[in-house]
Amino acid sequence: MFEHVDKANAVLREVNKAVLGKEYEIFEIMTAFLANGHVLLEDIPGVGKTTLASAFSTAMGLECKRVQFTPDVMPSDLTGFSVYRRDEDKFVFQEGSVFCNLLLADEINRTSPKTQSALLEVMEERKVSVEGTTRTVPEPFLVIATQNPSGTSGTQMLPEAQIDRFMITLSLGYPDFNSELEIARSAGKGSRVQTVTPVLDAATFVEMQDDINNIYIKDELYHYILQIVSATRNHPYIERGASPRATIALVKTAKASAWLRGRQFVIPSDIQTQLRFVLSHRIIVSSSAKMGKISKSEIIDSITKTVELPYMGAKK
């Protein structure tokens, strides 16, 4: 089960060569990928999102495509379309951007709702239906989507039902002083992605994803996860709590976290480290929380403190 863990950690080392000072965030993104989930980044432009996607695809030997979402991007640009070939006297299907292993969907909240829906459907189904024919996208199929912060010119918020399809959400943020100093020193010397070496291939990564399913979780931890998710639905500062999809995401990411750390079983800390990433985009805070300037992170922390940790010792 763990013969591939060293390779997974090698991927992390390679990506960290290209994206400096973001070890924690890179580890979390790798966790989501192993759990076969998609990632939503909410960030300002210029903090390294494209470099991040390119580094991951290079290190894992995956085909990567990037789509810059603008209001004129059509669903067919993503899913594909048929064109008539005069020399062949027939219609030939032209694959869209989603036919790859890793798709960087840049500024997803700048495009039309129809195009957003097309992408979210592929993310969920891992297949597209065009002109009555269903086609499966390559395996693995992973999405890193970015959205500009709410209120940025030309953007619109993603609907709650769509944002729920992302397994985790996080922000890269600005680099620390020393990391940005190193970036400045290397300016003009070529892309840092050029230093990344492939250490995996697509088939091996799929095997890693299969390994995650064999990680053991005690029944008490399933109860612990559900108690936390249920608490978001009854919290005074939360208008709308997390969906059952959050429960599934917590189970999968906790398993991936344990596997990456070389364990065959999940412990409570695997779950706790995932809460902020899995729950923050799935809860809607109440007006009283907004008035009191109470953040989602504070609410999630308070829930963690109120839900009793399960006993992990052997049963008598």
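Our subject in this report is the structure included herewith. Bear in mind the structure is a predicted one, so any value in this text is a computation, not a measurement.

Turning our attention to the overall build of the protein chain. In terms of helices and strands, the protein chain carries 13 helices and 11 strands. Computed over the C-alpha atoms, the radius of gyration of the protein chain is 21 Å, within 12% of the 20 Å expected from 2.2 N^0.38 for a compact globule of 316 residues. With respect to the three principal axes, the spread of C-alpha positions in the protein chain is 75 × 45 × 45 Å. Expressed as a percentage of its 316 residues, the buried residues of the protein chain come to 49%. In the protein chain, once contacts between residues fewer than 6 apart in sequence are set aside, the share between residues at least 24 apart is 78%.

We now examine unusual backbone geometry. With glycine set apart, most residues show a phi of negative sign, and most peptide bonds adopt trans. The omega torsion across Glu 139 and Pro 140 is 0 degrees, close enough to zero to call that bond cis. Here Pro 140 is to be found in the loop between β7 (133-136) and β8 (142-147). Positive phi values are uncommon outside glycine, yet Glu 107 reaches one of about 55 degrees. Here Glu 107 shows up in the loop between β5 (102-106) and α5 (113-125).

On to the pairing of strand β6 (residues 127-130). It is a general feature of regular strands that their side chains alternate between the two faces of the sheet. Of the two faces of β6, only the one carrying Val 128 and Val 130 is buried; Lys 127 and Ser 129 on the other face are not. Where β6 lies against β7, four bridges are found, and the strand directions are antiparallel. For Lys 127, the partnering residue across the bridge sits in β7 and is Thr 136.

Under the defined criterion, the tally for this structure stands at nine salt bridges. As a salt-bridge pair, Asp 164 and Arg 245 come within 2.8 Å of each other at their nearest N and O atoms. With a gap of 81 residues between them, Asp 164 in the loop between α6 (160-163) and β9 (168-170) and Arg 245 in helix α10 (residues 244-260) connect regions that are remote in the sequence. In this structure, Arg 263 engages Asp 270 in a salt bridge whose closest nitrogen and oxygen atoms are separated by 2.7 Å.

A separate point is the sheet that holds β5. Ordered by their spatial adjacency, five strands build an open sheet running β2-β5-β8-β1-β9, and the pairing between neighbours is parallel. Strands with a single pairing partner mark the edges of an open sheet, and in this sheet they are β2 (64-68) and β9. Going from strand to strand, the sheet's axes swing by 15 degrees on average, the running direction of each strand aside.

Before going further, it helps to examine the packing of helix α9 (residues 219-232) against helix α11 (residues 268-279). Orientation of α9 relative to α11, taken along the N-to-C sense of each, is 30 degrees, at an axis distance of 11 Å. With respect to their mutual orientation, α9 and α11 come out roughly parallel. Of the two elements, α9 crosses α11, and the hand of that crossing is right-handed. Each of Leu 221, Tyr 224, Ile 225, Ile 228 and Thr 232 in α9 lies in contact with α11, whose residues at this interface are Pro 268, Ile 271, Gln 272, Leu 275 and Leu 279. For the contact of α9 with α11, the residue count by class is eight nonpolar, two polar and no charged.

Taken as a whole and assessed by the stated rule, the structure comprises four aromatic pairs. Taken together, a centroid distance of 5.9 Å and an interplanar angle of 45 degrees make the contact between Tyr 24 and Phe 277 tilted. Taken together, the residues Tyr 24 in helix α2 (residues 23-34) and Phe 277 in helix α11 connect sequence positions 253 residues apart. Owing to a relative accessible area of 46%, Tyr 24 belongs among the partly exposed residues under this scheme.

Once that is clear, we can look at α10. With 17 residues, α10 extends 25 Å between its outermost C-alpha atoms, agreeing within 8% with the 24 Å of an ideal straight helix rising 1.5 Å per residue. Just past α10, the residue Gly 262 takes up positive phi, approximately 80 degrees.

Together, Glu 3, Glu 139, Asp 201, Glu 207 and Asp 210 line one region of the surface with negative charge. Of note, Glu 207 is situated in helix α8 (residues 202-212).

Calculation notes
- Residues numbered from 1 in each chain as written.
- Predicted model: local features only at pLDDT ≥ 70, side-chain atom pairs only at ≥ 80, totals over all residues.
- Heavy atoms only, no water.
- Helix = DSSP H or I, 4+ residues; strand = E, 2+ residues; numbered from the N terminus.
- Rg over C-alpha atoms; globule rule 2.2 N^0.38 Å.
- Buried < 20%, exposed > 50% of the residue type's maximum accessible area, 1.4 Å probe, protein only.
- Contact = heavy atoms within 4.5 Å.
- Pairing = 2+ DSSP bridges.
- Salt bridge = Lys/Arg side-chain N within 4 Å of Asp/Glu carboxyl O.
- Axes fitted to C-alpha atoms, helices over the stretch in contact; angles between N-to-C directions.
- Parallel < 35°, antiparallel > 145°, perpendicular 65-115°, else oblique.
- Left-handed = near helix turned anticlockwise from the far one by under 90°.
- Nonpolar A, V, L, I, M, F, W, Y, C, P; charged D, E, K, R; others polar.
- Phe/Tyr/Trp six-rings, centres within 6.5 Å; stacked < 30°, edge-to-face > 60°.
- Expected span 1.5 Å × (residues − 1).
- Patch = residues over 30% accessible without salt bridge, like charges linked within 9 Å, V, L, I, M, F, W, Y side chains within 5 Å.
- Areas by Shrake-Rupley, 256 points an atom, 1.4 Å probe, with all protein chains shown as cover.
- Lys, Arg positive; Asp, Glu negative; His and termini not counted.
- Charge placed at Lys NZ, Arg CZ, Asp CG, Glu CD.

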